[in-house]
Amino acid sequence: EDKNLAASSLRRLSGKNINVEIIKSMKTSAAPGKTKLIEILRDRDAAEAVDELLTAASDSDAAVRAAAFRALADLARPQHQQALIKLLVNLKGDAARAEAERALVAVSRKLDKETGTELILAALDSSTDTKCSLLRVLGGIGNAGGFTAVSQALKDNNPDVRDVAVRTLADWPDATAARTLLEIFLTTSNKTHRIVALRGCVRQLGLGGLLSADMLNICSDLMKGADRPEERKLVLSCLAGSADTGAISIVEPLLADEEVRAEAELAMLAVVRNMTAPMPNEAKAAAETLRNKSKNETVKKEAAAIISLIDKFEDYVMAWQVAGPYSKPFA
């Protein structure tokens, strides 16, 4: 209890040279105390501790290393990127590896997006563990150069590197990797990679960033390649966010598929709702189809309610396509 109270006080203590004194104590403390003091320096936003934290990041104690890397993720600056790369390259085993990767990602994101990965790309020709780490770091940064490098790693001779490349692309922060993941899904003989690619592709399509037509083309190809109900359900979950008649064309045939009929009906109902304002005529036609074909009474009622709503406002503008600007109030 006393230690916790002391740590709490150190986090809040104000005054000259407080951080300097904590750093001095950290350098000479045993592993448990050093770990706690590193956490306190991190909470105090002690930027002056970075040099000692870089030293602590190569400590023989795994807990100290992990704490140092967590602190460096918050406190290190762009000029420390090369030092962090060196620490990651020299890291042995998996202890603190994830923390080291996150620290390098955090610092690299503070650099110019296009050039911030140059030193990382230069270090890729390393051991398997290091290469896998750097590929994950490139995925965390998510720029064009990193995407090219990770995509090339799909052809690496080492299966561990290929596995990390697939998983990194599946975790890509935007839809850049969607088409590459589609290709993996359609061509790989690795069942694990197939489902990882599908899940990653569906997630990225849901992030937006692609034109509706491009998104629907990818969904159509995914659906054609989906040979299990679970795969078709994943694609349906993506299509449910669309407001395009093209989504209806993909979903409607699945109303006759007993294995995914329930999910197809719900997905189609969601698309119809999304279309109601911008495309009421098309939405009404799709809702009528759903009302006639559905075996779910709740879905039929929802479709009928949409039809009634569209009929009620048939003579009104239901969605503004272009409006304003207006320089004067209406009289």
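Since this is a predicted model, take the numbers as computed values, not measurements. The written sequence of each chain sets the order in which its residues are numbered from 1. Totals for whole chains, interfaces and linings use every residue, but because this is a predicted model, local features are given only for residues with pLDDT of at least 70 and side-chain atom pairs only at 80 or more, for both listing and counting. Excluding hydrogens and water, the side-chain values take into account all heavy atoms of the structure.

1. Considerations on the environment of Glu282
In this structure, Glu282 sits in helix H18 (residues 280–293). Only protein chains enter the accessibility calculation, which uses a 1.4 Å probe. A residue is then buried if its area is under 20% of the maximum for its type, exposed if over 50%, and partly exposed in between. The exposure class of Glu282 is partly exposed, given its relative accessible area of 37%. Other than its neighbours up to four places away in sequence, Glu282 contacts Thr245 and Met275. Note on conventions: DSSP H or I runs of at least 4 residues are helices, E runs of at least 2 residues are strands, and numbering of each starts at the N terminus. Whether two residues touch is decided by their heavy atoms; if any such pair falls within 4.5 Å, the residues are in contact.

2. With respect to the state of the cysteines
Pairs of cysteine sulfur atoms within 2.5 Å are identified as disulfides in what follows. According to the stated counting rule, one finds 0 disulfides in the structure shown. Cys201 carries a free sulfur, and the closest cysteine sulfur to it, the one in Cys219, is 7.3 Å from it. Under the relative-accessibility criterion, Cys201 is labelled buried at 0%.

3. Examining the packing of helix H14 (residues 212–225) against helix H15 (residues 229–239)
Axis definition: a line fitted to C-alpha atoms, limited for helices to the stretch in contact. Angles are taken between N-to-C directions and run from 0 to 180 degrees. Taken N-terminus to C-terminus, the directions of H14 and H15 make an angle of 165°; their axes are 9 Å apart at the nearest point. The orientation of H14 with respect to H15, classified from their angle, is roughly antiparallel. Between H14 and H15 lies a crossing whose hand is left-handed. Residues Met215, Leu216, Cys219, Leu222, Met223 and Gly225 of H14 lie in contact with H15, whose contacting residues are Glu231, Arg232, Val235, Leu236, Cys238 and Leu239. Here is the rule for angles: anything less than 35 degrees is roughly parallel, anything more than 145 is roughly antiparallel, 65 through 115 is roughly perpendicular, and the remaining ranges are oblique. Each crossing gets its handedness from the near helix: less than a right angle anticlockwise from the far helix is left-handed, clockwise is right-handed.

4. A short note on the nonpolar core
In this description, a nonpolar core means a group of buried Ala, Val, Leu, Ile, Met, Phe, Trp, Tyr and Cys residues linked to one another through side-chain atoms lying within 4.5 Å. Counting 104 residues, the largest nonpolar core has Ile38, Phe69, Leu72, Leu84, Leu205, Leu222 and Leu239 as the members making the most contacts within it. Per element, the largest residue contribution to this core is 9 residues, and it comes from helix H5 (residues 62–75). Beyond its immediate stretch of four places on either side in the chain, Leu222 contacts Leu182, Phe185, Leu198, Cys201, Val202, Leu205 and Val235.

5. Here we look at the side chain of His193
Mapped onto the elements, His193 comes out in helix H13 (residues 191–205). Assessed through its relative accessible area of 11%, His193 is described here as buried. With residues near it in sequence (within four places) discarded, His193 still touches Arg162, Asp163, Val166, Ile184 and Thr188.

6. Observations concerning the packing of aromatic side chains
What describes a pair of aromatic rings is the distance from one ring centre to the other and the angle between the planes of the rings. Stacked, edge-to-face and tilted are the three classes for Phe, Tyr and Trp ring pairs, Trp counted by its six-membered ring, which pair at centre distances within 6.5 Å; planes under 30 degrees apart are stacked, over 60 edge-to-face, the rest tilted. Scanning the entire structure with this criterion turns up 1 aromatic pair. Aromatic pair Phe147 and Trp172: ring centres 5.7 Å apart, planes at 70°, arrangement edge-to-face. Placement of Phe147 in helix H10 (residues 144–152) and of Trp172 in the loop between helix H11 (159–170) and helix H12 (178–187) is noted, with a sequence separation of 25 residues between them. Accessibility assignment for this pair places Phe147 and Trp172 in one class, buried.

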